[in-house]
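# Structural description and commentary
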Amino acid sequence: MIRKCLFPAAGYGTRFLPATKAMPKEMLPIVDKPLIQYGVEEAIEAGLTDIGFISGRGKRAIEDHFDISYELEHQISGTSKEALLDQIRDVIQKCTFSYTRQIEMRGLGHAILTGETLIGREPFAVLLADDLCVNDEGNGVLSQMVELYEKYRCSIVAIEEVPREEVYKYGVIDGKPIEPGVFEISKMVEKPRPGEEPTNLAIIGRYILTPDIFDILRKTEPGLGGEIQITDAIAEQARKGLVIGYNFKGKRFDCGSVAGFVEATNAMYEKFKERNGDC
Ligand code: G1P
């Protein structure tokens, strides 16, 4: 059974400066909740309540968010505002939160390897909060992936078809379909140069990884941009055994870009209005 979910959250969020000068980008609000809370709620829905953060300098607001604020509780106790904390209280009550710091920014692979101390030797999920995913028709992406893991017991990356001209922004897979929406991966490339992409099946920020990934990451040489790429390590796993690409059900918003962030905000505001009316 998978219980743990890692959240790499040490990045600087430079695309959102100056908003992210003194505030973690993970704490930017999409309407009434910080981006990271959407990710944690998706993990909880998938049964992953052991939450690990790869944190860094300037990220303490994340720890405070996933903790009780006694002063605030005291202030709003017995008022109409009290209910506004129900959802985050529920998150705090269901999960445990652990933190480790990534001292140097050496890539996503390096961030995940830093999380080994929080994971140990068991399969785990990784969620990149920048990719906000919703599925109005059923379970969230991580739930879908956990279910698939029960069947295949191997590493799984979430994928989606993107326009060819955007493939260069992503890790990309190649492989053959083994059931609808499920690919056996034969090759993975991190951010291929235009014209060199094997397919338009882009990796999005949801992974289930078997713990041998840590041994592979320790030996993975710096790749694109001089960084240790998780894509290269998973590609090595795929050379040795089965790794799956899963074309998930639902919609993804790229909240790492300003346009995607605004799109997500508008979509979430529609849902917010359904719950609360115009305000
Ligand atoms: C990372 C991964 C990339 C993946 C992307 C999904 O890139 O390295 O393989 O496609 O997340 O969001 P980043 O967006 O951090 O550049």
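Each remark here, short or long, concerns the structure printed above.
One numbering rule holds for all chains: residues counted from 1, following each sequence as written. Owing to the predicted nature of the model, reporting of local features is limited to residues with pLDDT of at least 70; listing and counting of side-chain atom pairs is limited to 80 or more, with chain, interface and lining totals taken over all residues. Hydrogens and water molecules were not included; the side-chain quantities draw on all heavy atoms of the structure.

Moving on, we get to the overall build of the protein. Scanning the protein from N- to C-terminus turns up 10 helices and 13 strands. At 19 Å, the protein has a C-alpha radius of gyration in line with the 19 Å of a compact globule built from 279 residues. For the protein, the C-alpha atoms occupy an extent of roughly 60 × 40 × 35 Å along the three principal directions. Across the 279 residues that make up the protein, the buried fraction comes to 52%. It only takes one pair of heavy atoms within 4.5 Å for two residues to be counted as in contact. Within the protein, residue pairs in contact and separated by at least 24 positions form 75% of the contacts whose partners lie at least 6 positions apart. For the protein, the exposed area adds up to about 13800 Å²; of that, 50% sits on carbon and sulfur atoms. Taken as two groups, the 34 positive and 44 negative side-chain charges of the protein have centres that lie 4 Å from each other. A helix here means a DSSP run of H or I that spans at least four residues, while a strand means a run of E at least two residues long, and both kinds are numbered starting from the N terminus. The size measure is the radius of gyration over C-alpha atoms, and the globule rule it meets is 2.2 Å times the number of residues to the 0.38 power. Each residue gets one of three labels from its accessible area relative to the maximum for its type: buried under 20%, exposed over 50%, partly exposed in between, using a 1.4 Å probe on protein chains only. Here the accessible surface of atoms and residues is derived via Shrake-Rupley with a 1.4 Å probe, and residues count as covered only by protein chains that are part of the display. In summary, the charge assignment counts Lys and Arg as positive and Asp and Glu as negative, without counting His or the chain termini. Charged groups are reduced to one reference atom each: NZ for lysine, CZ for arginine, CG for aspartic acid, CD for glutamic acid.

Next up on the list: the site of the ligand. Each residue is tested against the molecule or strand, and it is near if at least one of its non-hydrogen atoms lies within 4 Å. With respect to spatial proximity, the complete set of residues near the ligand consists of Leu-108, Leu-128, Asp-131, Tyr-170, Gly-171, Glu-190, Lys-191, Ile-203, Ile-204, Gly-205, Tyr-207 and Thr-231. Within the backbone of Gly-171, one N or O atom sits 2.9 Å away from an oxygen atom of the ligand. With respect to the ligand, the side chain of Lys-191 contributes an N or O atom lying 2.7 Å from an oxygen atom. In isolation the ligand offers 380 Å² of accessible surface; the protein chains occlude 74% of this area. Mapping the ligand onto the cavity grids shows that it belongs to the largest pocket. Nitrogen and oxygen atoms within 3.5 Å of one another constitute a polar contact, given that in protein one can donate a hydrogen and the other can accept it, and given that sequence-neighbouring residues count only through two side-chain atoms. Residues are said to line a cavity or pocket when one of their atoms sits within 4 Å of a point; the points come from a 1 Å grid over protein atoms alone, cavities being sets where a 1.4 Å probe fits but cannot get out and pockets being open sets with protein on both sides within 12 Å along at least five of seven lines. Cavity and pocket membership follows a simple rule, namely that a molecule belongs there if more than half of its atoms are within 2 Å of the grid points.

Another point: the pattern of salt bridges. Salt bridges are counted wherever a side-chain nitrogen of Lys or Arg sits within 4 Å of a carboxyl oxygen of Asp or Glu. Applying the stated criterion across every chain, the model contains 27 salt bridges. For Arg-121, the salt bridge is made with Asp-215, and the minimal N-O distance between the two is 3.1 Å. Of this pair, Arg-121 sits in the loop between helix H6 (116-119) and strand S6 (124-127) while Asp-215 is found in helix H8 (residues 212-219), placing the two residues 94 residues apart along the sequence. Put simply, Arg-3, Lys-4, Asp-50 and Glu-122 are held in one network by salt bridges that share partners.

Think of each axis as a best-fit line through the C-alpha atoms, taken over the contacting stretch in the case of a helix, with angles from 0 to 180 degrees between the N-to-C directions. Put simply, helix H1 (residues 35-45) and helix H4 (residues 86-94) touch, their axes get as near as 11 Å, and they point 50 degrees apart. As summarised for this structure, H1 and H4 are arranged oblique, according to the angle between their axes. Note that H1 runs across H4; the crossing there is left-handed. On the side of H1, the interface is formed by Gln-37, Val-40, Glu-41 and Ile-44, while H4 contributes Gln-87, Ile-88, Val-91 and Lys-94. Working rule for angles: under 35 degrees goes down as roughly parallel, over 145 as roughly antiparallel, 65 to 115 as roughly perpendicular, anything else as oblique. The crossing is said to be left-handed when, going from far helix to near helix, the turn is anticlockwise and less than a right angle, and right-handed when the turn is clockwise.

Grid points are joined across faces, edges and corners, and a volume is the space filled by probe spheres set on the points. The computed volume of the largest pocket comes to approximately 1200 Å³. Lining the largest pocket we find 38 residues, and of these Arg-15, Lys-25, Leu-128, Asp-130 and Lys-191 sit closest to its centre. Elements supplying a minimum of two residues to the lining of the largest pocket: helix H5 (108-114), strand S11 (201-209), helix H9 (230-240) and strand S13 (251-254). In terms of residue count, S11 provides more of the lining of the largest pocket than any other element does, 4 residues in total. Partitioning the lining of the largest pocket into residue classes produces 15 nonpolar, 11 polar and 12 charged. Here the second largest pocket defines a volume of roughly 490 Å³. In this structure, the second largest pocket is lined by 25 residues; those nearest its centre are Lys-33, Tyr-38, Glu-41, Cys-133 and Val-134. Of all the elements in the fold, those that place two or more residues in the lining of the second largest pocket are H1, strand S7 (131-134) and helix H10 (258-276). With 6 residues, the top contributor of residues to the lining of the second largest pocket is H1. Residues belonging to the lining of the second largest pocket are distributed by class as follows: 10 nonpolar, 5 polar and 10 charged. Residues are grouped as follows: Ala, Val, Leu, Ile, Met, Phe, Trp, Tyr, Cys and Pro are nonpolar; Asp, Glu, Lys and Arg are charged; all remaining types, including Gly, are polar.

For strand S4 (residues 50-55), a buried count of 6 out of 6 residues is recorded, marking the element as mostly surrounded by other parts of the structure. Here strand S1 (residues 4-8) pairs with S4 via 5 bridges, running parallel. Across the sheet, Leu-6 pairs through a bridge with Gly-52, a residue of S4. Two strands are said to pair when DSSP picks up at least two bridges between them. Of the strand pairs in this sheet, S4 and strand S5 (residues 96-101) are connected by 6 bridges, and their pairing is parallel. Across the sheet, residue Gly-52 finds its bridge partner in S5, namely Ser-98.

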